[in-house]
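One-letter residues, chain by chain:
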Amino acid sequence: MNRTAPNAAMANEMANAIRFLAIDAVEAAKSGHPGAPMGMAEIAEVLWNRHLKHSPANPHWPDRDRFVLSNGHGSMLIYALLHLTGYDLPIEELKKFRQLHSKTPGHPEVGITPGVETTTGPLGQGISNAVGLALAEKMLAAEFNQPGHSIVDHFTYCFLGDGCMMEGVSHEVCSLAGTLRTSKLIAIYDDNGISIDGHVEGWFADDTPARFEAYGWNVIRDVNGHDAAAVDAAIRSAKAQAVLVDGKPTLICTKTEIGKGSPNKVGTHDVHGAALGADEVAATRAALNWNHAPFEIPSDVKSAWDCTDSGRTAEADWDNRFAEYAKAFPEKAAEFRRRMTGELSDEYQSKIADVMVQIAASEGDVATRKASQNALDAIAPLVPEFFGGSADLTGSNLTNFKTATYAGRDAWGNHLSYGVREFGMAAIMNGMALHGGYLPYGGTFLTFSDYSRNAIRMAALMKQRVVHVFTHDSIGLGEDGPTHQSIEHVPSLRIIPGLDVWRPCDALETATAWAHSVERQDGPSALALSRQGMPKLLKEASDADKVRKGGYILSDMLNPQAVIMATGSEVQLAMQRKRHWRLRVSQHVLCQCRVLTCLIDNRMNTKSGSFHRIYLLWQLRRHIPTSGANTWEERAVLSVSTALVIQHRLLFFMNFSVLQPKRLLMLFVSEFRGSNHVQSNVI
Ligand SMILES: Cc1ncc(C[n+]2csc(CCOP(=O)(O)OP(=O)(O)O)c2C)c(N)n1
Ligand SMILES: [Mg+2]
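The structure presented is a predicted model; accordingly, all values stated were derived computationally and were not measured.

So, how was this worked out
- Residues numbered from 1 in each chain as written.
- Chains lettered and ligands numbered in written order.
- Predicted model: local features only at pLDDT ≥ 70, side-chain atom pairs only at ≥ 80, totals over all residues.
- Heavy atoms only, no water.
- Buried < 20%, exposed > 50% of the residue type's maximum accessible area, 1.4 Å probe, protein only.
- Helix = DSSP H or I, 4+ residues; strand = E, 2+ residues; numbered from the N terminus.
- Pairing = 2+ DSSP bridges.
- pLDDT = per-residue confidence, 0-100.
- Contact = heavy atoms within 4.5 Å.
- 1 Å grid on protein atoms, 1.4 Å probe; cavity = no way out; pocket = protein on both sides within 12 Å on 5 of 7 lines; lining within 4 Å.
- Points joined across faces, edges and corners; volume = space filled by probe spheres on them.
- Nonpolar A, V, L, I, M, F, W, Y, C, P; charged D, E, K, R; others polar.
- Core = buried A, V, L, I, M, F, W, Y, C linked by side-chain atoms within 4.5 Å.

Moving on to the pairing of strand β3 (residues 185-191). Within β3, seven of the seven residues are buried, which leaves it mostly tucked inside the rest of the structure. Residues L185, A187, Y189 and D191 of β3 are buried on one face, and the alternating residues I186, I188 and D190, pointing to the opposite face, are buried as well. Bridge analysis of strand β2 (residues 156-161) against β3 gives six bridges, and the strand direction is parallel. Its bridge partner being in β3, C158 is matched across the sheet by A187. Pairing analysis gives six bridges linking β3 to strand β7 (residues 250-255), with the strands arranged parallel. The residue bridging D191 from the neighbouring strand is K255, located in β7.

The share of residues in the protein with pLDDT of 70 or more is 84%, and the mean pLDDT across the chain is 86. This model gives residues 601-683 a pLDDT under 50, and the stretch forms 155 contacts once residues within four places in sequence are excluded.

For the largest pocket, the calculated volume is near 940 Å³. Of all the elements in the fold, those that place two or more residues in the lining of the largest pocket are α14 (330-341), α18 (422-435) and α19 (453-462). Among the elements that take part in the lining of the largest pocket, α14 stands out by supplying six residues, more than any other. Partitioned by chemical class, the residues of the lining of the largest pocket number 15 nonpolar, twelve polar and eleven charged.

Our focus in this paragraph is the nonpolar core. One finds W217, L251, F336, F387 and Y418 to be the most contacted residues of the largest nonpolar core, which totals 63 residues. Ranked by residue count, the leading element in this core is helix α6 (residues 125-144), at eleven residues. Aside from chain neighbours lying at most four places away, what touches W217 is C174, A177, G178, L185, A187, F212, K248, P249, T250 and L251. Core analysis: the next-biggest nonpolar cluster, separate from the first, contains 61 residues, F20, A22, L82 and V223 among them.

Printed below as a string of structure tokens:
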């Protein structure tokens, strides 16, 4: 906002206000991280008080600058800033730092604290989210701004420390940010030379400025992080070059002292993550001449910090400019508003049923990755907020759709080649979703999903709508061998709370999975898709309603004595075996069978899935002897790589089960685990 700088004495007091809120809150909680807020206090005053464009009265103003505290352990820094600048975060909440149900959790969490843009703490991911936020801004600006009307025009600021710099994901995303020239990203590196184990020289000796220059960033070196004027000049310079034709993202390297102000703990790892202790708190108060009780901020300091009014003015200015834009471009303005709220278009609502009819009518075997692309072709024109991509596997994941445009350094687009950066892609997608205006999705092989895993988990924790397209989802993928064959991945994704994991068996299930993932407003989805062809099993568009429940009976019979549960490429096999098995064993045992598919078992916990959950439990009670050692989750034995083998093993497995009907009548034949596990359970 380019507010005028306070005089040096006041700037000093404002920085100390941050320091003591952090010190006192950590002291009250008896845990937390005072070192980073104390070390970054001057930088925070300069950025938040003089530059950040925000409106505490409306944390959701679309064109606010975004701020990310990537070194999220220093959470008291952002809580202090939000409190001081006028957000709805009263001092009582700071007194409850780190307590259950407070608005000041141990690490910043989006949705809990007004003004927190993303959940940080897993180091490296905040800066990755920041790249996503800046990319969303760049793409939205290209899509919506018109000559003379810049309605999308804000910066993304990010604080990060040594930990974020060491994390591999920071390399992935900062390399991409440099290539894409997300110039309105300004990152400030808290180069204090300390991490938890002590002085970092022994484990972190990179030339970080040179590294970022090599990525194509604008790097401002050697800034004294305790010299407000120097920090101010660096931020001004970064902002000025951001708008140049070939503007680059900026890294401001600030030298700071962790725990600055504490006479005995400054510059040591002791102050990284522990309360100072009563004696040191008193010594710090004396050293900084801060003669105020805990949590007490002098009124002149508080009012110097408060930017409620200036924030309102800035927001009102944008409102006026947006009104002008809306007059000149009413349709674009309405679309921008819709996109930022995340609502689906009327066109989507009115046409999605027709899409399902069209897909249900399509004929022929199709790999579900191809079915996914077909679904995207049909759905994408109704979802202009799609921002797709792949980690260098576009032609394998089939994430691009007919009308896709490739995004690049100088080009707007709705599909991005992320390069071989799975984790980075997932974390950038989270940032884009958090920004608003886009529904990001990205692809890789299922077997690499665990490269992205923590960002997927963060999407679930943050309830962000992103879609992961994981193709080549089983040993049926072909000859690539065990490095590429997913074994434990689907079950391990299923245990992430809040993540919908779909493993569709045909075209209609795939399209339904997409529709549900798009319509879902409260979290991420993952689609596990096959490379190999799948027969069409669902023929009526109305079947989509069953699919949406997450599990349903695909083929039934009266009084079944066994139930086969299957997903994805094993559903067809289950159907074949059902017929085969009944014939083979009928002379010996009357054994009839029902096939049940279960696309997303975590959906079973939802209201719409509750019927199936109850049904399953009922089946379990009916069929599994309580004294038996087996669980219904027995999984087939697979360690080699052809679909024929799947069939063969399945047959063996089921015949074996029939011979010992009391041991196993509920078969879960998808999502295989390792062979040892199954053998030990079955034999
Ligand atoms: C991915 C990840 N690994 C480990 C941690 C635990 N952790 C929290 S802070 C920290 C050290 C961070 O050092 P730095 O960023 O330099 O912070 P400073 O001590 O300077 O505040 C570690 C290892 C974490 N939060 N995230
Ligand atoms: Mg450090």
